[in-house]
Number of protein chains: 2
Amino acid sequence: MRITIIGSGNVATHLAAAFKNAGHRIVQVYSRDMQNAALLAYHVKAEPIDNLSQIDPETDIFIIAVKDDVIGLIAEQLAPYQKLMVHTSGATDLYALLAFSDNVGVFYPLQTFSKAKEVNFRTVPLCIEAADQEVAKRLKELAYGISNSVYDIDSQHRKTLHPAAVFACNFPNYLYNVAQQILAEHQLNFDLLRPLVLETAEKVQNSLPANVQTGPAVRNDEITMNNHLRLLQGYPDLQQLYTLLSQGIIKMDIDRHGDK
Amino acid sequence: MRITIIGSGNVATHLAAAFKNAGHRIVQVYSRDMQNAALLAYHVKAEPIDNLSQIDPETDIFIIAVKDDVIGLIAEQLAPYQKLMVHTSGATDLYALLAFSDNVGVFYPLQTFSKAKEVNFRTVPLCIEAADQEVAKRLKELAYGISNSVYDIDSQHRKTLHPAAVFACNFPNYLYNVAQQILAEHQLNFDLLRPLVLETAEKVQNSLPANVQTGPAVRNDEITMNNHLRLLQGYPDLQQLYTLLSQGIIKMDIDRHGDK
């Protein structure tokens, strides 16, 4: 396919590379910032543009990978080309595009991307939604070309997925940061915890989290929990967080086993 | 070395296997429950016992891997053998053993173990504390025999490490559970989030968490955060958790970049 990438952020970068590797032709990369457009365009042998008036109409699909609040604006300007058009946002309704065209869909890669780190795209879940069967067929073909995990997820379900992803990714990363800060304050290196962080994530690749929960809260070990709270003295926010998370774990365990 | 394992839980099981693989002789495995003692003893070709009166005095070290609150009790009963004696607890002072003998130390593997999943012990950080230089030397030799990551950590620092490990492991696992529950309620499979969970942990193997934070909070994207809070309606605990964690992320970002 001939593919036009709108955007030059993390999602645009990783998707463009995956499409290119799968043998597609990246026609153009658009960014408001010509330097960003040029950088990504160079990597995928495309033409960089920084103005939508320079769009090459000889393309099969527009991949709109921009900030949520400008998806509608961009879609409105691309609609006249009457090409297949998708956005890549977990938080945005298909309607943001349907308002301007029927030939639209969503192509949402459920992964956290950073430019510095390569991702094996074949393991990235791709959540597909389409305005009709014909679009669905084309998007799935495109999706299976770069990933083994392709899911039909409509806007309603994607809305659910997005906060769940925050709990599974953004919040754990913040807790890693808390742990690192606690160590740093005592001149201890985060290397001490890195294997633990990785193993914790690896454990739930084949188990449900509730079945592999460890730590003082799930043992209802009040002595240890009180010791920890004392060590967090001077950090009322962290104490509150510690208490709330521990209560959640205790409650989760009661839900599973009945009140012991 | 001739090693006696006191306990048959996750830590005892993984340590015993690692010592055995490194060429040590496991003399006995003690557990109050003979079935548990027998199961682990069978795997490491040791004698199972369920009574401390059956201890074989022909050993070089007692590895006390039991619940924190019985470490002292066990140590008191083993002290008369005048052998090297260590506990494996992150939350227990060296003094719990020093009260009974000078020939003591701590051998704390900073990892989350489950019996069902093998762990590559060479990557497990081992935190060593010893009553004196001679003990330190022997414990480090033992430690480097099974792991590449051996650290000197005294009781004071270990106390800090323990709550940090809770933030790095137990709490993220609970958040995975929250994510899984949100999906399950909408008939979505946790498989959708498993690659995200893993990638999030892999990202901080070479970066500091604060440098790879993503999500609506770090962007201060209030519209998305409010949408998420609305979706969590009916779950006041999760709403509170969402708000507290998001505020933490926003504050973390301000601390790094100054108030924008």
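Predicted, not measured: the structure shown is a model, and the values here were computed from it.

**Some remarks on the overall build of chain A**
Scanning chain A for helices and strands turns up 9 helices and 8 strands. Projected onto its principal axes, the C-alpha positions of chain A cover 70 × 40 × 30 Å. A total of 260 residues make up chain A; the buried ones form 53% of that total. Relative to all contacts within chain A whose residues are 6 or more apart in sequence, the contacts with residues 24 or more apart total 51%. Separation of charge centres in chain A, based on 22 positive and 28 negative side chains, amounts to 4 Å.

**Comments concerning the sheet that holds strand β5 (residues 84–87) of chain B**
All names here are of chain B. Read across the sheet, 8 strands follow the order β3-β2-β1-β4-β5-β6-β7-β8 without closing on themselves; strand pairing throughout is mixed. Taken across any chain shown, the strands that pair with only one partner, and hence form the sheet edges, are β3 (47–49) and β8 (150–152). Each neighbouring strand pair of the sheet contributes to a mean axis angle of 25°, computed without reference to strand direction. Here 5 bridges tie strand β6 (residues 104–109) to strand β7 (residues 126–130), and the two strands are oriented antiparallel to one another. Each bridged residue has a counterpart across the sheet, and for G105 the counterpart in β7 is A130. Together, β1 (2–6), β2 (25–30) and β3 form the strand contacts of helix α2 (residues 34–43), whose direction differs from that of β3 by roughly 165°. Its contacts with the sheet put helix α5 (residues 133–144) on β1, β4 (61–64), β5, β6, β7 and β8, and the angle it makes with β7 is roughly 165°.

**A look at the state of the cysteines**
Scanning all chains against the criterion turns up 0 disulfides over all chains. We note that C169(B) lacks a disulfide partner, and the nearest cysteine sulfur, in C127(B), lies 14 Å from it.

**With respect to the domain arrangement of chain A**
Residues and elements named next belong to chain A. Domain parsing of chain A yields domain 1 (2–153) and domain 2 (159–257). For domain 1 and domain 2, the distance between their C-alpha centroids amounts to 35 Å. Of the residues lining the interface, 8 residues belong to domain 1; the matching set on domain 2 comes to 5 residues. The junction of domain 1 with domain 2 conceals about 480 Å² of combined surface from both sides, 73% of it contributed by carbon and sulfur atoms. Taken together, the links from domain 1 to domain 2 amount to 1 salt bridge. A salt bridge links D93 to K159; the shortest N-O distance between them is 3.6 Å.

**Topic: the UniProt feature "domain: Pyrroline-5-carboxylate reductase catalytic N-terminal" (unreviewed entry) in chain A**
Within this structure's numbering, the places UniProt gives as "domain: Pyrroline-5-carboxylate reductase catalytic N-terminal" (unreviewed entry) are residues 2–83 of chain A. Across residues 2–83 of chain A, helical content stands at 37% and strand content at 22%; the span's end C-alpha atoms are separated by 11 Å.

**Examining the relation of the copies chain B and chain A**
In the superposition of chain B on chain A (RMSD 0.0 Å, axial shift 0.0 Å), the rotation amounts to 180°. Both copies are brought into coincidence by an operation consistent with a two-fold rotation axis. No C-alpha of chain B lies nearer the rotation axis than that of P172(B), which sits 2.4 Å from it. Same-surface contact between copies: 100% of interface residues of chain B are shared with the interface of chain A.

**Quick look at the packing of helix α7 (residues 194–203) of chain A against helix α7 (residues 194–203) of chain B**
Across the interface, α7(A) lies against α7(B) with an axial gap of 9 Å and an inter-helix angle of 170°. The angle between α7(A) and α7(B) falls in the class roughly antiparallel. Residues V197(A), L198(A), A201(A) and E202(A) of α7(A) form the contact with α7(B), whose own contacting residues are V197(B), L198(B), A201(B) and E202(B). Taken together, the residues of the contact of α7(A) with α7(B) sort by class into 6 nonpolar, no polar and 2 charged.

Criteria and cut-off values
- Residues numbered from 1 in each chain as written.
- Chains lettered and ligands numbered in written order.
- Predicted model: local features only at pLDDT ≥ 70, side-chain atom pairs only at ≥ 80, totals over all residues.
- Heavy atoms only, no water.
- Helix = DSSP H or I, 4+ residues; strand = E, 2+ residues; numbered from the N terminus.
- Buried < 20%, exposed > 50% of the residue type's maximum accessible area, 1.4 Å probe, protein only.
- Contact = heavy atoms within 4.5 Å.
- Lys, Arg positive; Asp, Glu negative; His and termini not counted.
- Charge placed at Lys NZ, Arg CZ, Asp CG, Glu CD.
- Pairing = 2+ DSSP bridges.
- Axes fitted to C-alpha atoms, helices over the stretch in contact; angles between N-to-C directions.
- Disulfide = S-S within 2.5 Å.
- Domains from an automatic or database assignment.
- Buried area = accessible area lost by both parts, 1.4 Å probe.
- Salt bridge = Lys/Arg side-chain N within 4 Å of Asp/Glu carboxyl O.
- UniProt positions renumbered as here; feature names shortened; annotations may be inferred.
- Least-squares fit on C-alpha atoms with pLDDT ≥ 70 in both.
- Parallel < 35°, antiparallel > 145°, perpendicular 65-115°, else oblique.
- Nonpolar A, V, L, I, M, F, W, Y, C, P; charged D, E, K, R; others polar.

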